[in-house]
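# Report on the structure
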Amino acid sequence: MIPLLRSRHLLEANPKPIGLPHVVFLERAARESDSSPGTFGQAAFLVLRLVDLLATAHEPGPNDDLFGYQAAATGRFCNEQLEPDAAAECLQELVRNASYAHRRRAPGLIAPAMLALATHLEDSAHYLESLDVLGTLERTAGPTLASAHAISVALQTARVERKLARFDAADAAYERASGLATVAGDTVSVLQSRLGRANVFWGRGNLVEAERWNQEVLRDARAAGIRNLEAHAEHGVGITLGARGQVPDAIPHLLKAYHLYEAEADSLIALHELGFALSRLGAVESAERALNIVVRRGHMGTLVQNAKIELMHCASFRRDRVGFERCRAECVVEVEQMAPNILADYHLKLGIGLARFGRFDRAVSELQHAHQIARAHGLHELEFRIERIQVGLPDCVTVDVERETGTEQPGWAATLANVSTALAGLSDLTA
């Protein structure tokens, strides 16, 4: 998993299967403070071993008392040894749900608590731990899962695999989710799976297919009046156009997505992408306003990581050495938590910044490291972009690396002014 790796080691593209169940949590416990009598890793391992027992709890038997004793001891450990926070509450709720599911002889009843724990782990960038929880739910509950829960497991598994840049596994999970949703008549989930596959195309560098899939979902979601999926598709089109170099064309889609989203978390993601697009256009002040809002209000690890990396990039663009070093120090703290695509982007932006400040030997090394990570994980779009920058590195003193050209388009100046004004107002409200 990403948190277990060091920044100077290549991330393994296809980790080998691990025989011992929940070993990722034991490894996390080993990394946590030795002075702490109880750690999340320990507690999660114990809770999931309790959940494992549900797979054989279909009929009453002599092990009922043993399960009860183990559940009580596990719950007591969580209550007494963990600091009260969202992670501890997820584990405590899972112990309660497991006990109830055992009494009812219905393992599928643990699904809501297990999905909540997997989501918490995903949001905090503990991806292999999230996959362990999702896999445990499938093994334990199996055919007893309600249709909606089975679809959710497949979609979330696909999303986490995609964040790990394991695109074959992600594509297979999205395909499974689509099949389950089609049988269940769940139009929303069918469209979600198609959006996910569009993201897989994007991750693999096939931007033409990524845009096509997003445009198709946008059309179908708009026709069906599904606002949230329309927002996601607008967002996807904006990101894809930006990746294809059509940044001014991307701005209206990102703005539309920002206004369409109803959940703050999704709005912040769109705001981050808007900040990224503005940065590429050289509107650094507006970009920094958007990105600083994301850092202040964001709760998702990957989102904040990306925003901090882009703020580092903005600082180097302005030749602000102090700001660059401050942002770099904040990013270093997050390195061991970064997924492959984010880690590669960090080393890329760090290399660009070092080059802008004249430290070319370090810059070359960072760009090489970014390229190795991108190649190892099949991040082709990023790999090609890094190669272009490596070729142009000697000229970066006089030419801004990755500065977009050809942005003088009719109406763009007015759009930029409107965006800048809106971001200034939003920044004032959240200060």
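Summary of the structure given here. Every value quoted in this text rests on a predicted model; they were computed, and no experiment measured them.

The next point concerns the state of the cysteines. Using the criterion set out here, one finds 0 disulfides in the structure. In this structure C331 is a free cysteine whose sulfur lies 6.7 Å from that of C327, the closest cysteine sulfur available.

Remark: helix α7 (residues 147-163) packs on helix α9 (residues 187-203), axes separated minimally by 11 Å, with the N-to-C direction vectors making an angle of 10 degrees. One way to sum up the angle between α7 and α9 is to call them roughly parallel. Here α7 runs over α9; the crossing is left-handed. For the pair α7 and α9, the contacting residues are I151, L155 and R162 in the first and S189, Q192, S193, G196, N199 and V200 in the second. Among the residues making up the contact of α7 with α9, the classes are represented as 3 nonpolar, 5 polar and 1 charged.

With a phi angle near 65 degrees, H22 is a residue other than glycine that sits in the positive phi range. Summarising the element assignment, H22 is placed in the segment before α1 (23-31). A residue is classified by how much of its surface remains accessible, and H22, at 1% relative accessible area, is buried. Positive phi values are uncommon outside glycine, yet A125 reaches one of about 70 degrees. Checked against the element boundaries, A125 lands in the loop between α5 (111-123) and α6 (127-141).

Another point: the pattern of salt bridges. Summed over all chains, the structure comprises 33 salt bridges. The closest approach of N and O atoms between R197 and E175, which form a salt bridge, is 2.6 Å. A residue pair is termed long-range when its members are at least 10 positions apart, and R197 in helix α9 and E175 in helix α8 (residues 167-184) qualify at 22 residues. Exposure remark for E175: the relative accessible area of 45% places this residue in the partly exposed category.

The next thing to look at is the packing of aromatic side chains. Throughout the structure, instances matching the rule amount to 2 aromatic pairs. Ring geometry for F201 against W213: centres 5.6 Å apart, planes inclined by 45 degrees, an arrangement best described as tilted. Residue F201 is found in helix α9, and its partner W213 is found in helix α10 (residues 207-224); the two are separated by 12 residues along the sequence. Accessibility expressed as a relative area gives 23% for F201, which makes it partly exposed. The interplanar angle of 50 degrees and the centroid separation of 5.2 Å between the aromatic rings of F324 and F357 together place this pair among those described as tilted. In this pair, F324 is assigned in helix α16 (residues 321-334) and F357 in the loop between α17 (340-356) and α18 (360-376), connecting sequence segments 33 residues apart. F324 sits in the buried class, given a relative accessible area of 0%. The positively charged end of R321 is found above the aromatic ring belonging to F357, 5.0 Å away from the centroid.

Basis of the calculations
Residues numbered from 1 in each chain as written. Predicted model: local features only at pLDDT ≥ 70, side-chain atom pairs only at ≥ 80, totals over all residues. Heavy atoms only, no water. Disulfide = S-S within 2.5 Å. Axes fitted to C-alpha atoms, helices over the stretch in contact; angles between N-to-C directions. Helix = DSSP H or I, 4+ residues; strand = E, 2+ residues; numbered from the N terminus. Parallel < 35°, antiparallel > 145°, perpendicular 65-115°, else oblique. Left-handed = near helix turned anticlockwise from the far one by under 90°. Contact = heavy atoms within 4.5 Å. Nonpolar A, V, L, I, M, F, W, Y, C, P; charged D, E, K, R; others polar. Buried < 20%, exposed > 50% of the residue type's maximum accessible area, 1.4 Å probe, protein only. Salt bridge = Lys/Arg side-chain N within 4 Å of Asp/Glu carboxyl O. Phe/Tyr/Trp six-rings, centres within 6.5 Å; stacked < 30°, edge-to-face > 60°. Lys NZ or Arg CZ within 6 Å of the ring centre and 35° of its normal.

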